Amino acid sequence: MHKHTQYQEPELAEFTVFDIPDAATTGMLNELLRQQLSPNLPSQQTQSNDDVERSDKTLMSCAVDAIDELLTNPYFEREQVHSKLSELFHQQKRIYLETPIEEELRKRQFITHCGLVMSPDNCITTQLDDIRVRAFVRGIHAALQQKINTENSNIHVVYPACGPFAPLLMPLIGFYKHHQIFSATQLQITLIDMQPGAVQSLSALIEEMDISEYIQDVLCMDATQYDNGTNTIDLVILEAMQHGFSREGQLSIARHFSKQLNVNGSFIPQKIIVSAHLTNLQQEFGDQWCDSEFVSESDMKINMAQDRIVLGDILTVTAEKLRNMKEVVLDESTTLIECGTVQIPFLSENEEKSIILSTKVQTWDNEWIGEYDSGITHPLPDQNICINFKPKEDKPGDLLLKSGDGLKFYYRMNGLPGFLPTWIAGDI
Ligand SMILES: C[S@@+](CC[C@H](N)C(=O)[O-])C[C@H]1O[C@@H](n2cnc3c(N)ncnc32)[C@H](O)[C@@H]1O
């Protein structure tokens, strides 16, 4: 037994959906999500936790198996994918726990000028978010094939805010090395994270997988300070976002890197779309999931989708749009980005609707992460917006609106980033 056996499973903070105050409304949905995000229990797998250390499975063999399933099976067989990712996760977690990282560095969490920096402990479970991981891995593989085979034989990939496991790329590198698909001459990678605990973990995983020839640098720094020179990077992989495109610094980091992409350079995700909808929260987050086995976009109830009212897209993020976003600077520490405008439609008297912000992510070409497919695309309600009613108690920040009013959205770049809805006159 090693010395970290007392370690507690970290909270799944990245994935939980606690923004709705009524716990009963979301209880069922949260329980389903927790089940989906926990690794398969040893009894569901062929080996126990102790066996993980004794078996001939290694981090590398589990990475190769998992990537093989994600790339070569054209069908998404969720239990199969989850089982392979769980095995991979057990290996990564074993190494994370064995690496002599100070306890304080594992748990340190803070807010910078551009967003929340989650603790390494709270970041390790991304590998289990199956639909997200599948869409990213398939997207990254397709992008690299295109770039290496047709555009350039020597690619520099940067993965800022990659977390302690760099889970969307590192297993794929193991797969490339094992099957001799791309060599280190064709592919060089820079990993960046500002948490020293994450960087120590990354170095240990790289050594264990024996893939250091692919790694140009592992940098412990604020990604918004990284400067490789203008027009120099072939591919940026970035996933530092939470549901409703809130809290983490995705937009600031993406804008910083958009200037460093070369002429044919690309972002993964290629596109992120955030849209506003009106919905009934009880039906949306409670009723529609009561007899579901899984949570995903394809598991949404058809009548729920029909009951929703689409207000419109409020933000689309692509490499080109990142370079042309309109800033509003209020003071030296407050910058907003101008986003879309929507209008509140006529609602009948008994229609109780609230605003939710829903996200879709196109990692590359046909690879999409739909709403409810992942913690990062889960719809986020804004309960400060009150439509056609006055709340019993005033809450700071409440915005009282009625049918016909317009809503203009801004995006706050500083502190905890997120959308700021404001009232404007409507035209109905
Ligand atoms: C939620 S994790 C995401 C990690 C990884 N992309 C994934 O999918 O698991 C966020 C990571 O981004 C890092 N991070 C956040 N803001 C950063 C910044 N400005 N510069 C460097 N790292 C940052 C945090 O330290 C944390 O490890």
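I will try to describe carefully the structure that is included in this document. (Residues numbered from 1 in each chain as written. Predicted model: local features only at pLDDT ≥ 70, side-chain atom pairs only at ≥ 80, totals over all residues.)

**A short note on the nonpolar core**
Selection rule: Here, a nonpolar core means buried Ala, Val, Leu, Ile, Met, Phe, Trp, Tyr and Cys residues linked by C-beta atoms lying within 7 Å of one another. Burial is judged by counting the other C-beta atoms within 10 Å of a residue's own C-beta: 20 or more makes it buried, 12 or fewer makes it exposed, and any count in between marks it as partly exposed, with every C-beta position built from the backbone. Numbering of helices and strands starts at the N terminus; helices are DSSP runs of H or I of at least 4 residues and strands are runs of E of at least 2. The split into domains, and so the bounds of each, comes from an automatic or database assignment of domains. Whether two residues are in contact is decided by their C-beta atoms, placed from the backbone, lying within 7 Å.
Residues A63, I140, Y159, L169, V236 and I237 are the most contacted members of the largest nonpolar core, which totals 99 residues. Broken down by element, the residue count for this core peaks at 8 residues, all from helix 7 (residues 130-151). Mapping this core onto the domain boundaries places at least three of its residues in each of domain 1 (32-268) and domain 2 (272-424). Excluding residues within four positions of it along the chain, I140 makes contact with L168, L169, L172, I237 and I268.

**Quick look at the site of the ligand**
Formally: The rule is simple: place the C-beta atom from the backbone, and if it lies within 6 Å of a molecule or strand, the residue is near it. Each residue receives one of three labels: charged for Asp, Glu, Lys and Arg, nonpolar for Ala, Val, Leu, Ile, Met, Phe, Trp, Tyr, Cys and Pro, and polar for the others, Gly being one of them.
Around the ligand sit 27 residues in total, of which T126, A161, G163, M194 and A223 are the nearest. At the level of secondary structure, the elements contributing two or more residues to the shell around the ligand comprise strand 2 (115-117) and strand 4 (187-193). Here the residues of the shell around the ligand sort into 15 nonpolar, 7 polar and 5 charged.

**Quick look at the pairing of strand 7 (residues 261-268)**
Formally: By this definition, two strands are paired if DSSP reports at least two bridges between them. By definition, the crossover connecting two strands over a helix is right-handed if that path, from the first strand to the second, turns clockwise as seen with the strands pointing away from the viewer.
In this sheet, strand 7 lies alongside strand 6 (residues 233-237) in parallel orientation, the contact comprising 4 bridges. Counterpart to I237 in the pairing with strand 7 is I268. Crossover handedness for the path strand 6 to helix 10 (residues 250-258) to strand 7: right-handed.

**Points about the packing of helix 4 (residues 78-98) against helix 9 (residues 196-209)**
What describes two packed helices is the angle between their axes and the distance between those same axes. What counts is decided by this rule: A fitted line through C-alpha atoms represents every axis, and for helices the fit uses only the stretch in contact; the resulting angles, taken between N-to-C directions, go from 0 to 180 degrees. For classification, angles of less than 35 degrees are called roughly parallel, those exceeding 145 degrees roughly antiparallel, those between 65 and 115 degrees roughly perpendicular, and all remaining angles oblique. Each helix crossing is assigned a hand: it is left-handed if the near helix lies turned anticlockwise from the far helix by less than a right angle, otherwise right-handed if that turn is clockwise.
Packing of helix 4 against helix 9 brings their axes to within 9 Å, and their N-to-C directions diverge by 120 degrees. When the interaxial angle is binned, helix 4 and helix 9 end up oblique. In this structure, helix 4 meets helix 9 at a crossing whose hand is right-handed. Residues Q92, I95 and Y96 of helix 4 lie in contact with helix 9, whose contacting residues are S201, A204, L205 and E208.

**Description of the sheet that holds strand 18 (residues 418-424)**
Within the open sheet, the 4 strands sit side by side as 10-11-17-18. Their pairing is antiparallel. Edge positions in the open sheet fall to strand 10 (327-331) and strand 18, since each of these has one partner strand only. For this sheet the average axis-to-axis angle between neighbouring strands, irrespective of direction, equals 35 degrees. Examined bridge by bridge, strand 10 and strand 11 (residues 334-343) share 4 bridges and lie antiparallel to one another. What sits directly across from E327, in strand 11, is I337.

**Describing the environment of M221**
Structurally, M221 can be placed in the loop between strand 5 (215-220) and strand 6. Looking at M221, the number of C-beta atoms within 10 Å reads 12, which means it is exposed. Non-local contacts of M221, meaning those with residues more than four positions away in its chain, are made with I192, M194 and Y226.

**Observations regarding unusual backbone geometry**
Here the bond from I268 into P269 is cis, since omega is 10 degrees, no more than 30 degrees from zero. Along the polypeptide, P269 turns up in the loop between strand 7 and strand 8 (271-279). Phi is positive for A166, close to 40 degrees, though the residue is something other than glycine. For A166, the position within the fold is in the loop between strand 3 (155-160) and helix 8 (170-179). In this structure A166 comes out as buried when scored by C-beta crowding, with 28 C-beta atoms within 10 Å.

In short, the description is geometric, and any link to function would need to be established separately.
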